[in-house]
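# Observations on chain architecture
Here are the chains, one letter per residue:
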Amino acid sequence: ELTVATGLKKPTLHNLLRTLSARGFVFKDNMNRFNIGPALYEISASGTLMRRQIKAQSKFASLAEELPGCTITLSTLSVDTVRCLLRISPDAPGEIQRPTDRSFTPYVMASAIVLQAVYPEESVQLEKRYPFDEYGVGMWGSQENFSAEKQKVLQDGFCRRISRGTLSLAFAMP
């Protein structure tokens, strides 16, 4: 069907499908049919995320003007990390940064705590990668204490952390 629909020769089509399959754009099911693969869904989701980031940029500029000495970030919870998507800091005023390698460890950073509280189902994978007994117990002492902090975040709508004299605030925003 695909050779007829595309006009490509069978070996050419086979090689193309093998490459698309290796990259996750298509996969073969039990009936030997090709279906849309997870990579296309990820591309679609990233487009939505990019549109949200563009909308957030204008808000970032006004927040930076109102809070000139603050670092402002927009972060998201991905499968295995809390990733910073946008950032403005006092060391580069007016510049909206798009860090590609900036992530926050769970249990410690205010942004990570808010996202773990607001998205409990999504944070399961994150907490598997960073087991509480290894990464969180030093900060919170017990899982119950950390759970209480997440409940407080849900109640208040924000997380407040003070570390080495620096105040960090993170808000959950729709």
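Since this is a predicted model, take the numbers as computed values, not measurements.

### Observations regarding the nonpolar core
- Val-82, Tyr-107, Ile-113, Trp-140, Phe-146, Val-153 and Cys-159 are the most contacted members of the largest nonpolar core, which has 19 residues in total.
- Put simply, the parts of the chain that give this core at least two residues each are strand 4 (82–88), helix 4 (110–118) and helix 8 (143–156).
- Looking at this core element by element, the count peaks at six residues for helix 4.
- Excluding anything up to four places from it in sequence, Cys-159 contacts Ala-110, Ile-113, Val-114, Glu-149, Val-153, Ser-168, Leu-169 and Ala-170.
- Listed in part, the six residues of the second largest apolar core include Ala-56, Phe-60, Leu-86 and Ile-88.

### Quick look at the pairing of strand 7 (residues 166–171)
- Of the strand pairs in this sheet, strand 6 (residues 158–163) and strand 7 are connected by six bridges, and their pairing is antiparallel. Opposite Arg-161, over in strand 7, you have Ser-168 as the bridge partner.
- Linkage of strand 6 to strand 7, two consecutive antiparallel strands, is achieved through a turn of two residues, within which Arg-164 is found at a positive phi near 50°.

### Re the environment of Glu-122
- For Glu-122, the position within the fold is in the loop between helix 4 and helix 5 (123–129).
- Residue Glu-122 is classed as partly exposed on the basis of its relative accessible area, which comes to 41%.
- For Glu-122 and Gly-141, which are 19 residues apart along the polypeptide, the C-alpha to C-alpha distance reads 23 Å.

### Thoughts on unusual backbone geometry
- Of note in this structure, Asn-32 is not a glycine but carries a positive phi near 65°.
- According to the relative accessible area criterion, Asn-32 is exposed, its value standing at 54%.
- Backbone geometry places Tyr-107, a non-glycine residue, at a positive phi of 75°.
- With respect to the helices, strands and loops of the structure, Tyr-107 is situated in the loop between strand 5 (103–104) and helix 4.
- Under the relative-accessibility criterion, Tyr-107 is labelled buried at 0%.

### Focus on the side chain of Ser-111
- Positionally, Ser-111 belongs in helix 4.
- Here Ser-111 falls in the buried class, since its relative accessible area comes to 18%.
- Setting aside chain neighbours within four positions, we find Ser-111 in contact with Thr-73, Ser-75, Phe-104 and Ala-170.

### Looking at the environment of Gln-57
- Mapped onto the secondary structure, Gln-57 falls in helix 3 (residues 38–66).
- For Gln-57, a relative accessible area of 23% corresponds to the partly exposed category.
- Residues Gln-57 and Arg-129, 72 residues apart in the sequence, show an inter-C-alpha distance of 31 Å.
- Beyond its immediate chain neighbours, meaning those up to four positions away, Gln-57 contacts Leu-86, Ile-96 and Arg-98.

### Points about the sheet that holds strand 5
- An order of 3-4-5 is seen for the three strands of this open sheet, with the pairing classed as antiparallel. Of all the strands in the sheet, the pair left with one neighbour each is strand 3 (72–77) and strand 5.
- Bridging between strand 3 and strand 4 involves six bridges; their strand directions are antiparallel. From the neighbouring strand, Leu-77 faces strand 4, where its bridge partner is Val-82.
- Along the sheet face, helix 4 touches strand 3, strand 4 and strand 5 and points at about 40° away from the line of strand 3.

What counts and what doesn't
- Residues numbered from 1 in each chain as written.
- Predicted model: local features only at pLDDT ≥ 70, side-chain atom pairs only at ≥ 80, totals over all residues.
- Heavy atoms only, no water.
- Core = buried A, V, L, I, M, F, W, Y, C linked by side-chain atoms within 4.5 Å.
- Buried < 20%, exposed > 50% of the residue type's maximum accessible area, 1.4 Å probe, protein only.
- Helix = DSSP H or I, 4+ residues; strand = E, 2+ residues; numbered from the N terminus.
- Contact = heavy atoms within 4.5 Å.
- Pairing = 2+ DSSP bridges.
- Axes fitted to C-alpha atoms, helices over the stretch in contact; angles between N-to-C directions.

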